[in-house]
Amino acid sequence: MSHPFQVLRFREGEPVAMKEAVIREVLGPVTVGGMPDRGLPEWWNLRTPDGGEAEVYGDASCLSFTRVSGGLVLDAMAELALRAGAVIMPLDCPVLLQREHDRRHLPDAEMRAHAIVVPPTDWTGRAIERVVRPLPEPRRPVLPRFAYHSRAGVVAPTDAPCVCCGQERGWVYTGPVYGAGAPDAGICPYCIAFGKAAERYGATFNDLIDGDVPEEVAREILERTPGIPAWQSPRWLTHCGDGAEFLGTIGAEGLAHFPDAVETLRREWAGRGRPPAQVEEYLGALDAAGMPTAYLFRCRVCGTHLAYSDFT
Ligand SMILES: [Zn+2]
Ligand SMILES: [Zn+2]
């Protein structure tokens, strides 16, 4: 398979060291020539009884595995992550988490949005293989990038052709569609990115921009950007004269990393005449996957995080 991996333990967005004793205990028996008496080598080779191999380098805060052959080598990597309380990061693939609780510790929103939870009982080399080489599904094409949307929560895999372009793109858009003649499901993300769905159906995917932006920005957000997966009428936040980038839904735990976004929520609710105690209670009840939830954005110009909540 020869896919590069990293094994790390994150707390509050930062890597923290794994126990060296655990690394020595798990990888020692499959290390070519054995481990030194103490500490870890700068780099070393693994060889497993099934003929599997890998090269390992790094230190207790991040171990990289390259030239990974698959088989028992992956099982050793899985056991290491399990016992060290670490996550497995295959290059260009979703991060594997042991618990939903670990998601909030990952360092960036894109990673948090796509990470997959693998329960401890399934935490084996096979599970890693399934993420790196999704089976039995075919490998899907790369998704289009959107300047104003991280794609979090609005794209799902499918084998059905797109209702707009008729192509089997491997992905379907699952967010809101506005427009009398527009199909409310089955459009591929490429038809949104390239403006085909907007042109063909007169459809938009967003309908309210909160603030003033240039005409071409407004058109890009309304016609060529996925919508916000919201319970109530969503709105697009703006900052520094530009549309902000939508990062995803976020709850109280995640918001702890974005004090600037919490400030926007606090201001908005206080502005509606809510007493401070009630405002803090709302903030504590926000849930990334439930109700009430908050919608997190980042200014594309100054980097400030912004949020609003649909709980009124
Ligand atoms: Zn399409
Ligand atoms: Zn800004």
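Parameters at a glance
- Residues numbered from 1 in each chain as written.
- Chains lettered and ligands numbered in written order.
- Predicted model: local features only at pLDDT ≥ 70, side-chain atom pairs only at ≥ 80, totals over all residues.
- Heavy atoms only, no water.
- UniProt positions renumbered as here; feature names shortened; annotations may be inferred.
- 1 Å grid on protein atoms, 1.4 Å probe; cavity = no way out; pocket = protein on both sides within 12 Å on 5 of 7 lines; lining within 4 Å.
- Points joined across faces, edges and corners; volume = space filled by probe spheres on them.
- Helix = DSSP H or I, 4+ residues; strand = E, 2+ residues; numbered from the N terminus.
- Nonpolar A, V, L, I, M, F, W, Y, C, P; charged D, E, K, R; others polar.
- Buried < 20%, exposed > 50% of the residue type's maximum accessible area, 1.4 Å probe, protein only.
- Pairing = 2+ DSSP bridges.

Per UniProt, the comment on the chain under Sequence similarities (unreviewed entry) is "Belongs to the UPF0167 family."

A.B. asks: Kindly report on the layout of surface pockets, identifying the contributing residues and their values.
C.D. replies: Regions of empty space are outlined by a rolling probe, equal in size to a water molecule, passed over the atoms. Taken as a whole, the second largest pocket holds about 220 Å³ of empty space. Along the walls of the second largest pocket sit 15 residues, with Glu 110, Ser 150, Glu 245, Leu 247 and Arg 298 positioned nearest its centre. Of all the secondary structure elements, the ones that give two or more residues to the lining of the second largest pocket are α3 (109–114) and β14 (245–250). Take the lining of the second largest pocket: its biggest share by element is 3 residues, from α3. Its residues assigned to classes, the lining of the second largest pocket comprises 5 nonpolar, 3 polar and 7 charged.

A.B. asks: Let's hear about the pairing of strand β15 (residues 294–298): which residues, and what values?
C.D. replies: Within β15, 4 of the 5 residues are buried, which leaves it mostly tucked inside the rest of the structure. Across 5 bridges, the pairing between β14 and β15 is antiparallel. Within β15, the residue paired with Gly 248 across the bridge is Leu 296. The sheet contact formed by β15 and strand β16 (residues 305–309) spans 5 bridges and is antiparallel. What sits directly across from Tyr 295, in β16, is Tyr 308.

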